[in-house]
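# Analysis of the macromolecular model
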Amino acid sequence: MKRSSPSWLLALISGIAVILLPSAPGQHIVGLQPGVKAPEIALVDQAGKQQSFNTLSGENGLLLLFFRSADWCPFCKGQLVDLERAQKLFAAKGINVAGVSYDSPQVLAEFSQRKSITYPLLSDSGSKLIDAFGIRNVEATGAQAGIPVPGYYLLDKQGVIEKRFFEDGYINRLTANNVYQNIFGDAALPQPVRSLPSPHVVVTTMQSDKEVTPGELVRLVVTITPDQDTHVYAPGAEKDHYIVASLTLDPSTLYSIRPTAYPKPEMMHFPETNETEPVYTSKTTLDTSVAATVNKETLAIFAKDPSLHITGSLEYQACTSRVCYPRVKVPLSWTVQLTELDKVRAVAAKVN
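Residues numbered from 1 in each chain as written. Predicted model: local features only at pLDDT ≥ 70, side-chain atom pairs only at ≥ 80, totals over all residues. Heavy atoms only, no water.

### Overview of the sheet that holds strand β21 (residues 328-338)
Strand order in the open sheet made by the 4 strands is β11-β21-β19-β14, with mixed pairing throughout. Of all the strands in the sheet, just β11 (211-212) and β14 (246-249) have a single pairing partner and so form its edges. (Pairing = 2+ DSSP bridges. Helix = DSSP H or I, 4+ residues; strand = E, 2+ residues; numbered from the N terminus.)

Below is the structure:
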């Protein structure tokens, strides 16, 4: 039986020019850097409540999301809903969350009610806080003038910028779980860990999210745990013709891939060859991130199947103090479900 296409994707394809070709196509990422005291916050939220850093911050600080609009930006709206799902996890770490845009309080209130957003969304209608952080999109004109370059700032309990997370384009956004992992080093909502058959090491895979809106960056994780008295070579050992551990994703027009991150190895000396090489001898995490490609052609494909299938491989060579085993290549796969991009416009924006 032929499966019908999801109505949201068909609607998205029909409105592709509106979503993918806004009047502000680019963004130049500048802004305040970690170690600097954040500007004073004095804004009204979606409930009309005056907010400051003291009223917003948790015991250990504040995660502040600057977004373009809860009215016309579907990627922003998906990110705001995603943050709602994760806010309790941040709260458990003593971090409260809030969002900032140039939208009016009425637009923010309408979106919050429609999508059940419970954390503060702050109206910076004059873009004063956006400018104070130095993240105004200077290429935005017309109705979009005053929008920020979208991204996260993590402020500590003294209001000092601890970390920031920005992407090169307005479509790709870190999921809240991805941000959580970047901050705390562990998974926010661990998806089922898959153990894969592999000789001489234990290999597991995980992903930060199982469901995202198109364009959001999902973190893919592979762990390698060598058996006792076993090591695998780390990047850098290839110069001496050793097979190093490598995580590679298969290229596809359906998703973009970020470079794989490799942890710092330990150095091991081999008296027999008088060589000192980088190796991994204990549980080691390799990770990368992917995002569904958003264009007319890919959305037509996702209309038939709103699942993003990612494939790749882990390659390594395991050695003991006595023997090096043959090269191993482990096939990998992940599946991410794509949810609806929100194209509903705010009534308050039309009235204003």
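Now that the structure is up, let's keep going.
### Let's talk about the state of the cysteines
Enumeration according to the criterion identifies 2 disulfides in this entry. Shown here is the disulfide that connects Cys73 with Cys76, its sulfur atoms set 2.5 Å apart. Every disulfide takes its handedness from the sign of the S-S torsion; for Cys73 and Cys76 that torsion is 75 degrees, giving right-handed. Judged by its relative accessible area of 0%, Cys76 falls in the buried class. What pairs with Cys319 in a disulfide is Cys324, and their sulfur atoms sit 2.1 Å apart. Here the disulfide of Cys319 and Cys324 is right-handed, its torsion about the S-S bond being about 105 degrees. Of the residues examined, Cys319 reaches a relative accessible area of 0% and is grouped as buried. Since its relative accessible area comes to 40%, Cys324 is described here as partly exposed. Numbered in order of appearance, the disulfide-bonded cysteines of the protein are paired 1-2, 3-4. (Disulfide = S-S within 2.5 Å. Buried < 20%, exposed > 50% of the residue type's maximum accessible area, 1.4 Å probe, protein only.)

### Considerations on the environment of Leu220
Here Leu220 lies in strand β12 (residues 216-226). Owing to a relative accessible area of 0%, Leu220 belongs among the buried residues under this scheme. Distance in space between the C-alpha atoms of Leu220 and Ser289 is 5.7 Å, their sequence separation being 69 residues. Among all residues touching Leu220, those that are not within four sequence positions of it are Met206, Gln207, Leu249, Leu286, Asp287, Thr288, Val290, Ile310 and Trp334. (Contact = heavy atoms within 4.5 Å.)

### Re the packing of helix α4 (residues 74-91) against helix α5 (residues 105-115)
Where α4 meets α5, the axes come as close as 11 Å, and the angle between the chain directions of the two elements is 55 degrees. What the angle tells us is that α4 and α5 run oblique. As for how α4 packs across α5, the hand of that crossing is right-handed. Residue-level contacts link Lys77, Leu80 and Val81 of α4 to Phe111, Arg114 and Lys115 of α5. Its residues assigned to classes, the contact of α4 with α5 comprises 3 nonpolar, no polar and 3 charged. (Axes fitted to C-alpha atoms, helices over the stretch in contact; angles between N-to-C directions. Parallel < 35°, antiparallel > 145°, perpendicular 65-115°, else oblique. Left-handed = near helix turned anticlockwise from the far one by under 90°. Nonpolar A, V, L, I, M, F, W, Y, C, P; charged D, E, K, R; others polar.)

### As for the environment of Ile243
Position of Ile243 relative to the elements: it lies in the loop between β13 (230-233) and β14. Judged by relative accessible area, Ile243 falls into the buried class, the value being 18%. Sequence separation between Ile243 and Tyr316 is 73 residues; the distance between their C-alpha atoms is 6.2 Å. Not counting residues within four places of it along the chain, the set of residues in contact with Ile243 comprises Tyr233, Glu315, Tyr316, Gln317 and Arg327.

### What about the pairing of strand β18 (residues 284-292)?
Taking burial as the measure, the 9 residues of β18 include 8 buried ones, the bulk of the element. Relative to β18, β12 is paired through 7 bridges, and the arrangement is antiparallel. Looking at β18, one finds that Val221 is bridged to Asp287.

### Regarding α4
If you check α4, its first and last C-alpha atoms are 26 Å apart, about what 18 residues at 1.5 Å a residue would give, namely 26 Å. Considering bend angle alone, the principal kink of α4 is centred on Arg85 and spans about 45 degrees. Along α4, 13 of the 18 residues are buried, which leaves the element largely enclosed by surrounding structure. (Expected span 1.5 Å × (residues − 1). Bend = angle between axes of the 7 residues up to and from the residue.)

### Comments concerning the sheet that holds strand β16 (residues 266-270)
The antiparallel open sheet is built from 4 strands, whose spatial order is β16-β17-β13-β20. The open sheet is flanked by β16 and β20 (318-320), the only strands paired with a single partner. Strand-to-strand twist of the sheet, defined as the mean angle between neighbouring strand axes without regard to direction, takes the value 55 degrees.

### Considerations on the nonpolar core
Core analysis: the largest hydrophobic core is formed by 63 residues, its most contacted members being Leu63, Leu83, Phe90, Ile310, Leu314 and Tyr316. Other than its neighbours up to four places away in sequence, Leu314 contacts Val203, Val222, Ile224, Ser246, Leu247, Leu286, Val328, Lys329, Val330 and Leu332. Ranked by size, the runner-up nonpolar core spans 23 residues in total, among them Phe53, Leu56, Leu62 and Leu64. (Core = buried A, V, L, I, M, F, W, Y, C linked by side-chain atoms within 4.5 Å.)

Everything listed is a geometric property; what it means functionally is a separate question.
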